[in-house]
Amino acid sequence: MIKKKKTFYVTTPIYYPSGNLHIGHVFTTTIAATLNNYKKLMGFETRFLTGSDEHGQKIQQKAIENSMNPQKYVDLTSKKFIDLWEKMDIQYDYFSRTTSPKHKEAVSKQFSYLLNSRNIYKGKYKGLYSVSDEEYLTLFQAKKKDGKYYHPISKHELKEVEEESYFFKISNYEKWWKKYLKEHPKFIQPKKIINELLNNFIKKGLEDLSVTRSTFDWGIKVKEDNKHILYVWLDALNNYITALGYNSENDLEFKKFWENGDEIVHVIGKEITRFHGIYWPIILKSINLKQPTTILSHGWIITPKGKMSKSKGNVINPLKLLKNYDNETIKYFLVSKIKTNEDGIFDENLLKNTYNSELANIYGNLFSRVVSMIHQNFNKPIKHKKTSNKNDENILNIIIKKTNNFIKEMDKYKIFNGFQNVIELGKELNKYIDLTMPWKLTNNKKRLSEVLNNLLNGIYALFTMLSIVIKNKSHLVIINSFGFKKIGFDKILDFNKFDNKFPLKINLLFERKK
Ligand code: MSP
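The residue numbers shown here count from 1 along each chain, following its written sequence. Per-residue local features are limited, in this predicted model, to residues with pLDDT of at least 70; the limit for side-chain atom pairs, both in listing and counting, is 80 or more; totals at the level of whole chains, interfaces and linings are taken over all residues. Note: side-chain values were computed over all heavy atoms of the structure, leaving out hydrogens and water.

## Notes on the overall build of the protein chain
Strands here mean DSSP runs of E at least two residues long; helices mean DSSP runs of H or I at least four residues long; both are numbered from the N terminus. When you go through the protein chain residue by residue, the secondary structure sums to 18 helices and 16 strands. Taken along the three principal axes of its C-alpha coordinates, the protein chain extends 90 × 55 × 40 Å. Residues count as neighbours in contact if any of their non-hydrogen atoms are within 4.5 Å of one another. A fraction of 77% describes how many contacts in the protein chain between residues 6 or more apart in sequence connect residues 24 or more apart. For the protein chain, the exposed surface amounts to about 23,500 Å²; the carbon and sulfur share of it is 50%. Only the protein chains shown count as covering a residue, and every accessible area follows the Shrake-Rupley method with a 1.4 Å probe.

## Concerning the packing of helix α7 (residues 191–202) against helix α11 (residues 273–286)
Direction vectors running N to C along α7 and α11 enclose 75°, while the axes themselves pass 11 Å from each other. When the axis of α7 is compared with that of α11, the two are roughly perpendicular. Contacts between α7 and α11 involve I193, L197, F201 and I202 from the first element and T273, R274, G277 and I278 from the second. Residues of the contact of α7 with α11, tallied by class, amount to five nonpolar, two polar and one charged. The axes are straight lines fitted to the C-alpha atoms, using for helices just the contacting stretch, and the angles between their N-to-C directions are given from 0 to 180°. The labels follow the angle: roughly parallel below 35 degrees, roughly antiparallel above 145, roughly perpendicular from 65 to 115, and oblique for the rest. Residues are grouped as follows: Ala, Val, Leu, Ile, Met, Phe, Trp, Tyr, Cys and Pro are nonpolar; Asp, Glu, Lys and Arg are charged; every other residue, Gly included, is polar.

## Points about the site of the ligand
By convention in this text, a residue qualifies as near a molecule or strand provided that one of its non-hydrogen atoms is within 4 Å of it. For the ligand, the set of nearby residues contains 21 residues, the closest of which are I14, Y16, T28, D53 and I301. Here a polar contact is recorded for every N or O atom pair within 3.5 Å, except that within protein the pair must consist of a potential hydrogen donor and a potential acceptor, and residues adjacent in sequence are included only if both atoms are side-chain atoms. In the model, a nitrogen atom of the ligand is placed 2.8 Å from a nitrogen or oxygen of the I14 main chain. Here a nitrogen atom of the ligand sits 2.7 Å away from a polar atom, N or O, in the main chain of I301. Contact with the protein chains removes 90% of the 670 Å² of surface that the ligand exposes when unbound. Put simply, the parts of the chain that give the shell around the ligand at least two residues each are α1 (23–41) and α8 (232–237). Tallied by class, residues from the shell around the ligand come to eleven nonpolar, eight polar and two charged.

## Considering unusual backbone geometry
Put simply, Q189 and P190 share a cis peptide bond, and its omega is -5°. Its identity as a non-glycine residue notwithstanding, R118 has a phi of 60°, on the positive side. As for its placement among the helices and strands, R118 is situated in the loop between α5 (101–116) and β4 (120–130). Each residue gets one of three labels from its accessible area relative to the maximum for its type: buried under 20%, exposed over 50%, partly exposed in between, using a 1.4 Å probe on protein chains only. Note on R118: relative accessible area 65%, which makes it exposed. The residue D146 is not glycine, and still its phi comes out positive at about 50°. Tracing the backbone shows D146 in the loop between β6 (143–145) and β7 (148–150). Here D146 falls in the exposed class, since its relative accessible area comes to 74%.

## Some words on the packing of aromatic side chains
Pairs of aromatic rings are described using the distance from one ring centre to the other and the angle between the two planes. Working definition: rings of Phe, Tyr and Trp (its six-membered ring) pair if their centres are within 6.5 Å, and the pair is stacked with planes under 30 degrees apart, edge-to-face with planes over 60 apart, and tilted otherwise. Enumeration over the complete set of coordinates arrives at 33 aromatic pairs. Ring geometry for Y136 and Y231: centres 4.9 Å apart, planes at 55°, overall tilted. On the criterion of sequence distance, the pair formed by Y136 in strand β5 (residues 135–137) and Y231 in the loop between β12 (229–230) and α8 is long-range, its members being 95 residues apart. Assessed through its relative accessible area of 6%, Y136 is described here as buried. Relative accessible area serves as the criterion here: at 0%, Y231 is assigned to the buried category. On the basis of an interplanar angle of 65° and a centroid distance of 6.0 Å, the ring pair of Y240 and W280 is categorised as edge-to-face. Of this pair, Y240 sits in helix α9 (residues 239–242) while W280 sits in helix α11, and the two are 40 residues apart along the sequence. Since its relative accessible area comes to 0%, W280 is described here as buried.

## Regarding the pattern of salt bridges
When a carboxyl oxygen of Asp or Glu lies within 4 Å of a side-chain nitrogen of Lys or Arg, that pair is called a salt bridge. This model, assessed by the stated rule, comprises 25 salt bridges. Here K402 makes a salt bridge to E424, at a shortest N to O gap of 2.8 Å. Of this pair, K402 sits in helix α15 (residues 390–411) while E424 sits in helix α16 (residues 415–436), and the two are 22 residues apart along the sequence. We classify K402 as buried; its relative accessible area is 13%. Residues R447 and E450 are paired through a salt bridge, measuring 2.8 Å at the closest nitrogen-oxygen approach. Linking R447 with E450, this pair stays in helix α17 (residues 445–466), spanning three residues, or about one helical turn. The exposure class of R447 is buried, given its relative accessible area of 14%.

## Describing the domain arrangement of the protein chain
Each assigned domain of the protein chain is listed here: domain 1 (7–298) and domain 2 (348–491). Using only C-alpha atoms to locate each centre, domain 1 and domain 2 end up separated by 42 Å. Facing 17 residues of domain 1, the contacting portion of domain 2 comprises 18 residues. Accessible area, probed at 1.4 Å, shrinks when two parts are joined; the buried area is that loss added up over both. When the two sides are added together, the surface that domain 1 and domain 2 hide from each other amounts to roughly 1,300 Å², 64% of it contributed by carbon and sulfur. Broken down residue by residue, the surface that domain 1 buries against domain 2 is led by T34, Y38 and L41, which jointly contribute 44%. Where domain 1 touches domain 2, the interface holds one salt bridge. Where domain 1 touches domain 2, the interface holds six residue pairs in polar contact (both at pLDDT 80 or more). Of all the elements in the fold, those that place two or more residues in the side of domain 1 that touches domain 2 are α1, β13 (263–269) and β14 (294–298). Domains are outlined according to an automatic or database domain assignment.

## Digging into the packing of α17 against helix α18 (residues 471–481)
Following both chains from N to C, one finds α17 and α18 inclined at 145°, their axes separated by 9 Å at the closest point. For the crossing formed where α17 meets α18, the hand is left-handed. Contact residues: α17 offers I459, Y460, F463, T464 and L466, while α18 offers S474, V477 and I478. Left-handed is the label given to a crossing in which the near helix is rotated counterclockwise from the far helix by less than a right angle, and right-handed is the label when the rotation is clockwise.

## Concerning the sheet that holds strand β10 (residues 209–210)
Only strands joined by at least two bridges in the DSSP assignment are considered to pair. A sheet is described by the order of its strands in space; here four strands give the open sequence β5-β4-β8-β10, paired in antiparallel fashion. Strands with a single pairing partner mark the edges of an open sheet, and in this sheet they are β5 and β10. Note that strand β8 (residues 159–168) and β10 share two bridges and pair antiparallel. Paired with F167 across the two strands is S210, which belongs to β10.

Right, here's the structure in full:
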């Protein structure tokens, strides 16, 4: 019997095409892409979604400022993300756009269902709204200064609005939500985010959410009441399922990756946890759909001098960065140096140091030294030999242990922790060279071959793990130089894998940067 592959579906937030490209966008997308690559390597059938969030008041305003009709404006501006992912060498399965006919139709049908099932009712909204965040806030949540109200996190000024609106009976689901979170403590990660949600939104009681707007018209029209358009978040959150074909004739992907799927992960920045952690699960519950496995929220990328903002002029533009660093270096830095559960500092000096000290000095040097020594001393494959030498036993154990720890962390979606094992393995392999001193063993070919074979096995493990981020360079090592057909974890424990392989020399992997 053919065993069915397990499925994995991972998403990024769909980004506002009106926003400027930001290193933060690259951070989230790199995390999602890395998880996707990891799961593929582990034999999962995967789907990876990113896209753009194209309706709402902010987009309409920007289109007007640019004297364009909004559709034309989003057609044009969403391309910059497509272009960025191409430059970052990040491949996705779906580029989800909320202005696509398939999405609009599916969401419209869902709204009718929610109206019929009395989850949605008509009323009037009076309160505060942040256009920049497309978010409603209560007086209790807002920060007041000099008679004006501000968003507590983004600090954007809030407007007082009063308009006819449809409401979602979120309050009906409060009990369910609390119970679900108790029963699924890993549903939202990191844990501290749950406490923030509880303190900011749940303690005071969940309020019903206004889900339509009637003072502008750039959005999905409510069929039943043409004056209204859908609130942009109700529209946008649904993209995760409409892209798979939910509520459409062709819903095979939806059935496979959502309804019958094994793992579903939404990667998001911490400021949008309210929408993904409270409203999205409640929407899914109200239409009797399964919940995602995990909502993986990460902190912000900040500069050494604090938050990046347009007004401070310190936003790091990834396109500029790509002029000096290749995409693999940037991706490696983001997953191995920025802890996901707190804000992390991005600074070009740190990026350069990481490149020189880890990519060039630890990984690149290790590979080229070992292959050079093999070429200087041998002209055919060197076989593995189990010895009772303490250094050998120790390094082989470390190879196994670090790989296992990497897998353990990655299976929990803890990328940062996972990559610390890769760095440690790199350091340990260099230490093993210092201890065994292969350059002094040229007259003892037997011992030299044992040492170099162990090192080849270590380098194989190292670049297998690195391959989920440093794809091209790892291919160069494992496929072009070592001669394996593909990269995989299945060979890590087989220390005889180099018995018939003679590695080829290749050009400098990572040239040092000055
Ligand atoms: N359109 C909504 C998301 C809808 S999802 C159904 C949105 N878009 S956004 O363009 O503002 O993108 C926000 C996301 O960009 C954050 O959640 C985060 O993933 C990423 N980042 C933008 N700036 C960031 C930092 N400074 N640091 C880390 N990531 C941040 O919100």
